[in-house]
Amino acid sequence: MAGNKKDDAVERLLNADKKEYTDKKKDPGKEYRSGLLDKIPGWAIALFVKFWFNGAVCFFIFWGLGLYVTDMLDMIVVLAVVLGMVTDILVNNTFRFFERYKGQNSKWMMFPKKAYWTFLANIPYAGLVLYCVIMIYNTINVVGNMLQGTEHEMILGVEPVLFGLFYLAVDMCFISIKNLFIKIINDAKQKNGL
């Protein structure tokens, strides 16, 4: 008899309603998540995580390997590969860890699906974002040289904090464009009844 009750309890747990609570007042798990991180908005955590990891990659790879990898093109390739790997392995998994329900933080990822192909897709995407960041640095230096009347002088060098902010800004621009296209397509499908 006691075995039946245990089996019934296990069955109820396995088949429990996996309801997603978007309203915190109706979320029964809210009382168990009353830590400091629960008080910080999700967008602030997402932006900080992206900024911090990108700045850390700049610190460890660009500054750390800068003495050993002297060719700038080689350094850019290494930086793009590491940024893509860090995004897929660390940043996206951090977002998945902080989710309260499946897909909550998908809007902060370029490739939200967890698959092998996303690992390979994040590397060229990181290269594209890195190229845009390099263009931002070059533009600032060219404009600074024009304003000061100098030539080929480095006005703004690469350092982790500003690199992390520039990379975050470009990354979020591309992700916002992707999210806008997805919203337009979904709205069109809904309007046409597909």
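Conventions used here
Residues numbered from 1 in each chain as written. Predicted model: local features only at pLDDT ≥ 70, side-chain atom pairs only at ≥ 80, totals over all residues. Heavy atoms only, no water. Helix = DSSP H or I, 4+ residues; strand = E, 2+ residues; numbered from the N terminus. Buried < 20%, exposed > 50% of the residue type's maximum accessible area, 1.4 Å probe, protein only. Contact = heavy atoms within 4.5 Å. Areas by Shrake-Rupley, 256 points an atom, 1.4 Å probe, with all protein chains shown as cover. Core = buried A, V, L, I, M, F, W, Y, C linked by side-chain atoms within 4.5 Å. 1 Å grid on protein atoms, 1.4 Å probe; cavity = no way out; pocket = protein on both sides within 12 Å on 5 of 7 lines; lining within 4 Å. Points joined across faces, edges and corners; volume = space filled by probe spheres on them. Nonpolar A, V, L, I, M, F, W, Y, C, P; charged D, E, K, R; others polar. Axes fitted to C-alpha atoms, helices over the stretch in contact; angles between N-to-C directions. Parallel < 35°, antiparallel > 145°, perpendicular 65-115°, else oblique. Left-handed = near helix turned anticlockwise from the far one by under 90°.

Chemist: Which residues make up the overall build of the chain, and what are the values?
Modeler: Summing up its helical and strand segments, the chain has 6 helices and 0 strands in all. Secondary structure of the chain in N-to-C order comes out as α-α-α-α-α-α. In the chain, buried positions account for 29% of the 194 residues. Summarising the internal contacts of the chain: among those between residues at least 6 apart in sequence, 66% fall at separations of at least 24. For the chain, the exposed surface amounts to about 13600 Å²; the carbon and sulfur share of it is 67%.

Chemist: Could you give me a rundown of the nonpolar core, with the residues and numbers involved?
Modeler: In terms of nonpolar packing, the biggest core is built from 33 residues, with Leu 79, Leu 83, Phe 95, Val 133, Phe 163 and Tyr 167 touching the most fellow members. At the level of secondary structure, the elements contributing two or more residues to this core comprise α3 (42-63), α4 (72-98), α5 (116-148) and α6 (160-192). If you tally residues by element for this core, the top one is α3, at 8 residues. In contact with Val 133, not counting residues within four places along its chain, are Phe 163, Phe 166, Tyr 167 and Val 170.

Chemist: Account for the layout of surface pockets, with residues named and values stated.
Modeler: Of the voids in this model, the second largest pocket is the one considered here, and its volume is about 300 Å³. Forming the walls of the second largest pocket are 15 residues, and the residues nearest its centre are Phe 62, Met 72, Ile 134, Tyr 137 and Val 158. Counting residues per element, the ones that place at least two in the lining of the second largest pocket are α4 and α5. Looking at the lining of the second largest pocket element by element, the count peaks at 6 residues for α5. In terms of residue class, the lining of the second largest pocket is built from 12 nonpolar, 3 polar and no charged.

Chemist: Explain the packing of α5 against α6 to me, using residue names and the numbers behind them.
Modeler: Here α5 crosses α6 at 125°, and the two axes come no closer than 9 Å. The orientation of α5 relative to α6 falls into the category oblique. Crossing hand, α5 versus α6: right-handed. In contact with Tyr 125, Ala 126, Leu 128, Val 129, Leu 130, Cys 132, Val 133, Ile 136, Tyr 137 and Ile 140 of α5, α6 contributes Leu 162, Phe 163, Phe 166, Tyr 167, Val 170, Asp 171, Phe 174 and Ile 175. Residue composition of the contact of α5 with α6, grouped by class: 17 nonpolar, no polar and 1 charged.

Chemist: I'd like to hear about empty space enclosed by the protein, residue by residue, with values.
Modeler: Evaluated as defined, the whole model comprises 2 cavities of 30 Å³ or more. As a volume, the largest cavity reaches approximately 60 Å³. Along the walls of the largest cavity sit Lys 50, Asn 54, Thr 87, Val 91, Tyr 125, Tyr 167 and Asp 171, which together make up its complete lining. Among the secondary structure elements, those contributing two or more residues to the lining of the largest cavity are α3, α4 and α6. Classifying every residue of the lining of the largest cavity gives 3 nonpolar, 2 polar and 2 charged.

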